[in-house]
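Given next are the chains, with one letter for each unit.
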Amino acid sequence: MISIEIPVIHGKYLNQLFESIRNQSFQDFEVIIVNSSSNENVSDLIRQYGFKEIKEKVKLLKARYLAHYYSKGEYALLLDETRILRKDALAILYSLNHDMIIIGEEEIGNSFWIGLANLDKENIMECNTPEAIKGFALPRFFRREILNKAFEELKVNLKEKFEEIIFPDHELIYYEASRVSNDVFSLKDKLIMHYGDAKLSEIIRKYYRYGKSLKILKETPYNNLTGISRKKRNICKGNRFLLYMLYVARGIPFLVGYLL
């Protein structure tokens, strides 16, 4: 069985997400929602689909932990409320038999910034070696015991800060999981569609929040993840100048949030 684990705060795209789950060709799954929203319509929708709800106001890393704690599947798929699944996604992921899988994604929409985000994803998956892809994209599909050990280590090492982390929740999980197993498969098939940041203002708000959250890792065993400089990705497709515009649009508010 696959446990689909989803933190929810806003609920804007939940209906699309839930429909994509219900229509999967592979039906041996459970869905666990950690609902931190104050909107009662979210709970109503979860009940309508018959999914499991944990209603608790928590930050993102704690929400992912709670969703996994209350799950039972052999595998876990870490989703977000802005990501929907291709109809054959679960069937493909279950058939691959890897400890961790990086999944190809595609942004939904036609805005300038969505187009750049899609180009960025295409360059990550197509222009870098499988080993290098791990530096820019993160696994979303985990064998259960790998994720169990990752969360155990994170709780011990972060102590009270475990409950404060918004970003980099996913990178922290992978950091600990990669110490347990090096079996990471990069799947270029676009099995996930993402409702991303269509406006510059949305990018600025998100990455400023990410920068502020990253500071929490200072003086923890994960201080090495707070480094601002990152490995340079290969670019082999599209307009390099436009991609740099995207990186600047993300990077400046991130730095402001981190440094202030």
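Everything discussed here concerns the structure shown above.
Fair warning: this is a prediction, and the values are worked out from it, not measured in the lab.

Rules used throughout
Residues numbered from 1 in each chain as written. Predicted model: local features only at pLDDT ≥ 70, side-chain atom pairs only at ≥ 80, totals over all residues. Heavy atoms only, no water. Helix = DSSP H or I, 4+ residues; strand = E, 2+ residues; numbered from the N terminus. Buried < 20%, exposed > 50% of the residue type's maximum accessible area, 1.4 Å probe, protein only. Contact = heavy atoms within 4.5 Å. Patch = residues over 30% accessible without salt bridge, like charges linked within 9 Å, V, L, I, M, F, W, Y side chains within 5 Å. Areas by Shrake-Rupley, 256 points an atom, 1.4 Å probe, with all protein chains shown as cover. Salt bridge = Lys/Arg side-chain N within 4 Å of Asp/Glu carboxyl O. Core = buried A, V, L, I, M, F, W, Y, C linked by side-chain atoms within 4.5 Å. Axes fitted to C-alpha atoms, helices over the stretch in contact; angles between N-to-C directions. Parallel < 35°, antiparallel > 145°, perpendicular 65-115°, else oblique. Left-handed = near helix turned anticlockwise from the far one by under 90°. Nonpolar A, V, L, I, M, F, W, Y, C, P; charged D, E, K, R; others polar. Pairing = 2+ DSSP bridges.

A. A look at the environment of Ala 150. Along the chain, the position of Ala 150 falls in helix H7 (residues 144-158). For Ala 150, a relative accessible area of 0% corresponds to the buried category. If we ignore the near neighbours within four places in the chain, the residues touching Ala 150 are Ile 173, Glu 176 and Ala 177.

B. Representation of a nonpolar patch on the surface. Taken together, the side chains of Tyr 208, Val 248, Ile 252, Val 256 and Leu 260 define a hydrophobic patch exposed on the protein surface, amounting to about 460 Å² of accessible area. The leading source of residues in the nonpolar patch is helix H10 (residues 240-259), at three residues. The topology assignment puts Ile 252 in helix H10.

C. Molecular detail of the nonpolar core. In this structure, Leu 61, Leu 154, Leu 158 and Leu 172 are the most contacted members of the largest nonpolar core, which totals 47 residues. With six residues, H7 is the single largest residue contributor to this core. Ignoring sequence-local partners within four residues, the contact set of Leu 61 consists of Phe 151, Leu 154, Leu 158, Phe 162, Ile 165, Asp 169, Leu 172 and Ile 173. Formed by 35 residues, the second largest nonpolar core is a distinct cluster that contains Ile 6, Phe 18, Tyr 75 and Ala 89.

D. Inspection of the packing of helix H3 (residues 60-69) against H7 at higher detail. One way to put it is that H3 packs onto H7 with a least axis distance of 11 Å and a crossing angle of 135°. Accordingly, the angle class assigned to the pair H3 and H7 is oblique. Of the two elements, H3 crosses H7, and the hand of that crossing is left-handed. Within the contact between the two elements, H3 uses Leu 61, Arg 64, Tyr 65 and His 68 and H7 uses Arg 144, Leu 147, Asn 148, Phe 151, Leu 154, Lys 155 and Leu 158. For the contact of H3 with H7, the class distribution of residues is six nonpolar, two polar and three charged.

E. Looking closely at the sheet that holds strand S6 (residues 100-107). Reading across from one edge, S3-S2-S1-S4-S7-S6-S8-S5 is the order of the eight strands in this open sheet, with mixed pairing throughout. In this open sheet, the two strands that pair with only one neighbour each are strand S3 (52-55) and strand S5 (83-85). Going from strand to strand, the sheet's axes swing by 30° on average, the running direction of each strand aside. Pairing of strand S1 (residues 2-8) with strand S2 (residues 29-35) involves seven bridges; the strand directions are parallel. Bridge pairing links Ile 6 to Ile 33 in S2. Most of the contacts of helix H4 (residues 89-96) go to strand S8 (residues 184-194), to which it runs at about 170°, and overall it touches S1, S2, strand S4 (75-78), S5, S6, strand S7 (141-143) and S8. With respect to the sheet, helix H8 (residues 169-180) is in contact with S4, S6, S7 and S8, its orientation differing from that of S6 by roughly 150°.

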